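One letter stands for each residue in the lines below.
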Amino acid sequence: QVQLVESGGGLVQAGGSVRLSCAASGRTFSRYTMGWFRQAPGKEREFVGAISRSGDRTYYADSVKGRFTISRDNANNTVYLQMNSLKPEDTAVYYCAAAWDVSTIVGGYNYWGQGTQVTVSS
């Protein structure tokens, strides 16, 4: 099992940037593909992006493509979500998740962090 803890959320102005971090416990971080999801009030949890084990492949939802970048540092057991050009509609709780294989759906992930709130003001 792997434990995931997100950090870096907070208030940000529209057009601004923030970098979220997800720290993983254990020695097997590099075995997992990682994903980022978000959930706004009253909405389903939605896919944001994913990254392969080595980081050589990334995948993004159309809504964030070109603005968000996923990266990982396996040496430090950390995955990042760099968010630029933020919009009010990006406001949500952001979750990182770990899976055995790359997936774009909630059901494809085995482990989840507690989430971190990102609020984008207009």
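Structure first, text after, so check above.
Residues numbered from 1 in each chain as written. Predicted model: local features only at pLDDT ≥ 70, side-chain atom pairs only at ≥ 80, totals over all residues. Heavy atoms only, no water.

> Would you explain the nonpolar core in this entry?
Counting residues in hydrophobic clusters, the biggest one holds 35 residues, and the most contacted among them are Leu4, Met34, Trp36, Leu81, Met83 and Tyr94. Within the residue set of this core, elements represented by two or more residues are strand 3 (18-24), strand 4 (33-39), strand 5 (46-51), strand 7 (68-73), strand 8 (78-83), strand 9 (92-99) and strand 11 (116-121). Top contributing element to this core by residue count: strand 9, with 6 residues. Once residues within four sequence positions are removed from consideration, leucine 81 is found in contact with Val18, Arg19, Leu20, Trp36, Val48, Phe68, Thr69, Ile70 and Tyr94. (Core = buried A, V, L, I, M, F, W, Y, C linked by side-chain atoms within 4.5 Å. Buried < 20%, exposed > 50% of the residue type's maximum accessible area, 1.4 Å probe, protein only. Helix = DSSP H or I, 4+ residues; strand = E, 2+ residues; numbered from the N terminus. Contact = heavy atoms within 4.5 Å.)

> Before we go on, may I ask you to explain the pattern of salt bridges in this structure?
It is possible for side chains of opposite charge to pair when their charged atoms get near one another. As enumerated under the stated definition, the model contains 5 salt bridges in all. Its salt-bridge partner being aspartate 90, residue arginine 38 comes within 2.8 Å of it at the nearest N-O pair. Placement of the pair is arginine 38 in strand 4 and aspartate 90 in the loop between strand 8 and strand 9, with a sequence separation of 52 residues. As a salt-bridge pair, aspartate 90 and arginine 67 come within 2.8 Å of each other at their nearest N and O atoms. Here aspartate 90 is found in the loop between strand 8 and strand 9, whereas its partner arginine 67 is found in the loop between strand 6 (58-60) and strand 7, with 23 residues between them in sequence. We note that aspartate 90, like arginine 67, is buried. (Salt bridge = Lys/Arg side-chain N within 4 Å of Asp/Glu carboxyl O.)

> Got a minute to help me understand the state of the cysteines in this structure?
Simply put, the disulfide is a covalent bond whose two ends are the sulfur atoms of two cysteines. Applying the stated criterion across every chain, the model contains 1 disulfide. Disulfide pairing is shown between cysteine 22 and cysteine 96; the S-S distance is 1.9 Å. A torsion of 55 degrees about the S-S bond marks the disulfide between cysteine 22 and cysteine 96 as right-handed. Taken together, the residues span a long stretch of sequence, with cysteine 22 in strand 3 and cysteine 96 in strand 9 at a distance of 74 residues. Exposure class is identical for cysteine 22 and cysteine 96. Each is buried. (Disulfide = S-S within 2.5 Å.)

> Got a minute to help me understand the environment of valine 120 in this structure?
Along the chain, valine 120 falls in strand 11. As for valine 120 and phenylalanine 47, which are separated by 73 residues in sequence, their C-alpha atoms are 18 Å apart. Setting aside residues up to four positions removed in sequence, valine 120 forms contacts with Val12, Gln13, Ala14, Leu86, Lys87, Pro88, Asp90 and Thr91.

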